[in-house]
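Architecture at a glance
Here is how the chains run, residue by residue.
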Number of protein chains: 2
Amino acid sequence: MAAVYTYSEESTHVRRSVLRELLAHAVDPNIISLATGLPSSQLLPVERFNECVNTVVSRDGARALQYSPQFVPLREWIADYMTRRGVKSTPDNILITNGCQHGLTLMSRLFLNPGDTAVVEQVTFIGIEHATGGRGATLRPIPSDLDTGADMDALEAAFKQEPHPKLAIIIPDFHNPLGISITPEKRQRAAQLANTYGIPLVEDDPYSPLRFIGDIPQPIKSYDTDGFVFYLGSFSKILAPGVRCGWIVGPSEVIRNLERLREAHDLETSTLIQRSITEFLSRGWLEEHLTQLNAANHLRRDTLLAALDNHLGQYATWTEPEGGIFIWVTLPEQIDTWDMIKEAIDNKVVYIPGGEFSVVGGYRNTMRLNFSNVANDKIAEGIQRLAAVIEKRL
Amino acid sequence: MAAVYTYSEESTHVRRSVLRELLAHAVDPNIISLATGLPSSQLLPVERFNECVNTVVSRDGARALQYSPQFVPLREWIADYMTRRGVKSTPDNILITNGCQHGLTLMSRLFLNPGDTAVVEQVTFIGIEHATGGRGATLRPIPSDLDTGADMDALEAAFKQEPHPKLAIIIPDFHNPLGISITPEKRQRAAQLANTYGIPLVEDDPYSPLRFIGDIPQPIKSYDTDGFVFYLGSFSKILAPGVRCGWIVGPSEVIRNLERLREAHDLETSTLIQRSITEFLSRGWLEEHLTQLNAANHLRRDTLLAALDNHLGQYATWTEPEGGIFIWVTLPEQIDTWDMIKEAIDNKVVYIPGGEFSVVGGYRNTMRLNFSNVANDKIAEGIQRLAAVIEKRL
C-alpha cells in the first residue's frame, strides 16, 4: 500500500521551477540556450579560485575545515566594499549567507508571519515569490516601469494599506527578468517610504557589479535613514555560483537576530569557501575578473540587440540593459511564448516564457533572454531560429 | 530615533545558543574545553581534502563552480553506502543537504504547520528544538533511558494522542548529549510505530560511523516498511564540519518534494564541495580517516572514563558510549552545573550544563562532556579542575 503523506502548507506552496527544469535542456550541445540565469562557464575563474583554496589550506590548516563562526575578514571586506558603494558599514552590519536566495528566505523568516502581506514586483524573480509566498504571506504586487523600474506610487499605496505589509522586496539593478534598473530618484524615494512607514524593504541585488555602461548607482540602502532598508548581495554572478555565498547588510541588531535564525537553519556557510573567497578578494582578483566578465557580457549584449533588431525588429520590443545578463522581449499580443516553447526547443533554441515571472498571470507574449552564458557566435543563429518559430504565428 | 522592528514569531522563538557562545571560550589555550561538539582539529583530513579539490578543478573545470543540480555521483555513493547499512536505496532516495541541521529544518518545513505537535526526546540536541519549535510546533517530549535509548512506550502514547503529532525526531546513536544508543529491538519498534500511525519519524544520525566498539547497528530506517522513516546523515563529524554537507534518505516522492523546498530555501550545496567530497569517498579515504579518528576517540574516551572514575567516582555517574564524541555526567542533586559554570571557566575548564539540552527544564545537576576535541594528555587535568569546582559544593 502506498504511503500517504500530509505535507505542510509551506511545502505545497512552492511551485515546480520551470527554470530549473529547463536547465536540463541547456546541456544538449545542439540547443542554443538563451534560457539560463548562469554566468559564462568559459569565464569562471576556476584555476584562480583553486589557487586560493590551496593557499588557505596550507596557511590555515584545520581551521579551514572546522566549525567556525562567520569569518570576520570576509565580513570586513564586504563592509569596506559596501562603504565604498555609499553604504557605511562595519562587520557587525554583515551576515554571510549561502547566496541571495538564502538571504530572501532569511529576511522572509525574520519579518513575516503566515498571513502577513509582502509587497513584490508583479514581474519578478521566482525565488522572491518562493521566499515570501512559501512563508505563507499574501503577495501585494506592484507594477514596474520598463524605463525607470518599480512604481513608487504603487509602493506607497501598498504601504498605506491596512493592515500594513510587513516586508517589501524589489530588485534595483539589471532586474531578473526585466533587465531594467531603478532610477536614483526612485531609490531615494523607496528608502524614504520604508523609513516613513517603518516597513523593512529588501533590495535584492545580485547583478549591479555587472554594469558595463556607466557608473554603478548607489544602492537604495545608501539612502536609508533609520535602518529599514536591507541589502542582499551575492558572489554567485560576480565570482561563481558554485561557491554558494552571499551577504545581507542591515543594522547590527537585525544582523544578530538573522545570525541566530541562520544558525538554527543550517549553522553556517562552509568556512573553506568563506576563507577561499576572502583570499580571492584580498588579491584584487574580483576587480580583474569583473573587468573581463563585463567586457564579454557587453559584447554579447550588443550582439543580441543587433540580432533582435535584424530578426524581430518588425514586430517586437525589448529592454536595453546597461549591464547584468538578461533582456526582456515583448512580442505581439497574439504570440503565446508558453504555447510555442516546445516548438522552439524542437527548433534548437530555448528561452524562458515571461509569464513564468509574473505573480499576477498574463505576460504570455513576453520572454526572458539571457546573453551571458551563450557563445557570442551562436547568438544571431539562436535569434534567427526563434524568429522562425514566432513568424509562423504572426 | 532608534528603529523598532516587528519580528516574526519564528525568529523570536530561537534561543540564543549557549553552545555557540561557549565556543568562544574554547579558543583560550589555557582553558581545557570539554564543551565543544567538534571533531578533533588535529585529525581533520585537510591535505587530502585539498588534493581532492585540486583533482576536481583540473578534471571538471567550470562545472565545479557553475550552478548545478544535485551531484548524482554523490547521491550514488550515499545510496550504495546506505544500502550496505541495510537501507536499500537508489540516488532518487537521497537529497543532499548542508548537514543534519539543514536536514532537520527541511523535514520540519515539509511536515509541520505552526501549531502542529512534534515528538522529541526531552533531553536532546538543541538544533532539534530550533527546527521544530522554530517552525511553531508544540513539542511533545518523551523520556530516554540511559541504557536503551528513547522510550518507545512513551513514543506510542504520544502517537496515540489526538490530534496526532505530525513529526517525531530521535537520535539513534551516540546521542547528543547523552552518548547513548537505541537498542535494535527499540529501533524495530520505532519504525513499526511510525508506519502503524503514519507519522513521519526522523532519525538524526550524524554519529553512528564513529563507533569504536562493536559493529554499527542497522538504522531505524532499515526496519521501515511503508516509507514513514527518514534518515539524516552528515559529513560534518566523519569528514569535516567545514564542508557543510549531509543527506536525507526517504521515499523518492518525498525526496522530490524536499528538493523543491530546498531549492526555494537556498538552491543547492556548493558543487565544488559536493564533487570534492565525492572524490574523497571514491578514493576510499573516508574508511581510512574513520579508522584513525575512531582509534583516537576510543583512546580519549578511555582516558576520560578513567579520569571520571579517579576524580568524580565517589559521587557522580556517567554514560559509557561505545563511540561518538560525548559523555553525559549526572552529579549529586545539590550541584547546579549552570551556577558553577563561571567558576569552572575561572578554573580553566569548560563543559556544557546538561539543562541546556532539556526541553522540559530541570537536569541542573548534569553536564555534557566532549572527548573528541581535547588532547588526550589534557583530559585528566581537565577533570581534576572540574572536580575541584564541584567538591567545594558537596
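This text gives an overview of the structure that appears in the document. Just so it is clear, the model here is predicted, and its values are computed rather than measured.

**What to know about the interface of chain B and chain A**
Contact with chain B, which involves 76 residues of that partner, is made by 75 residues of chain A. Approximately 6600 Å² of surface area, both sides summed, lies buried where chain B meets chain A, with 57% of it carried by carbon and sulfur atoms. The interface formed by chain B and chain A includes four salt bridges. Of all the secondary structure elements, the ones that give two or more residues to the side of chain B that touches chain A are helix H1 (9–13), helix H3 (46–60), helix H5 (100–111), helix H9 (252–266) and helix H10 (271–282) of chain B.

**Remarks on the sheet that holds strand E15 (residues 366–370) of chain A**
Residues and elements named next belong to chain A. Spatially, four strands are ordered E11-E12-E15-E14 in an open sheet, and the strand pairing comes out antiparallel. Of all strands in the sheet, those bounded by a partner on one side alone are strand E11 (317–318) and strand E14 (352–353). Across the face of the sheet, helix H11 (residues 285–312) comes into contact with E11, strand E12 (326–330) and E15 while running at roughly 15° to E12.

**With respect to the relation of the copies chain B and chain A**
The two copies are related by a screw operation: chain B maps onto chain A through 180° of rotation and 0.0 Å of translation along the axis, at an RMSD of 0.0 Å. Such values leave the two copies arranged in the relation of a two-fold axis. Of the interface residues in chain B, 99% have counterparts in chain A that sit at the interface too, so the contact is made through matching surfaces.

**Observations concerning the sheet that holds strand E14 (residues 352–353) of chain B**
The pairing of strands in a sheet happens through backbone hydrogen bonds and is either parallel or antiparallel. Residue and element names in this part refer to chain B. Strand order in the open sheet formed by four strands is E11-E12-E15-E14, and the pairing between neighbours is antiparallel. Every other strand in the sheet has two partners, leaving strand E11 (317–318) and E14 as the edge strands with one partner each. Across two bridges, the pairing between E14 and strand E15 (residues 366–370) is antiparallel. Looking at the pairing, Pro353 lines up with Met367 of E15. Packed on one face of the sheet, helix H11 (residues 285–312) meets E11, strand E12 (326–330) and E15 and runs near 15° to E12.

Rules behind the numbers
- Residues numbered from 1 in each chain as written.
- Chains lettered and ligands numbered in written order.
- Predicted model: local features only at pLDDT ≥ 70, side-chain atom pairs only at ≥ 80, totals over all residues.
- Heavy atoms only, no water.
- Contact = heavy atoms within 4.5 Å.
- Buried area = accessible area lost by both parts, 1.4 Å probe.
- Salt bridge = Lys/Arg side-chain N within 4 Å of Asp/Glu carboxyl O.
- Helix = DSSP H or I, 4+ residues; strand = E, 2+ residues; numbered from the N terminus.
- Pairing = 2+ DSSP bridges.
- Axes fitted to C-alpha atoms, helices over the stretch in contact; angles between N-to-C directions.
- Least-squares fit on C-alpha atoms with pLDDT ≥ 70 in both.

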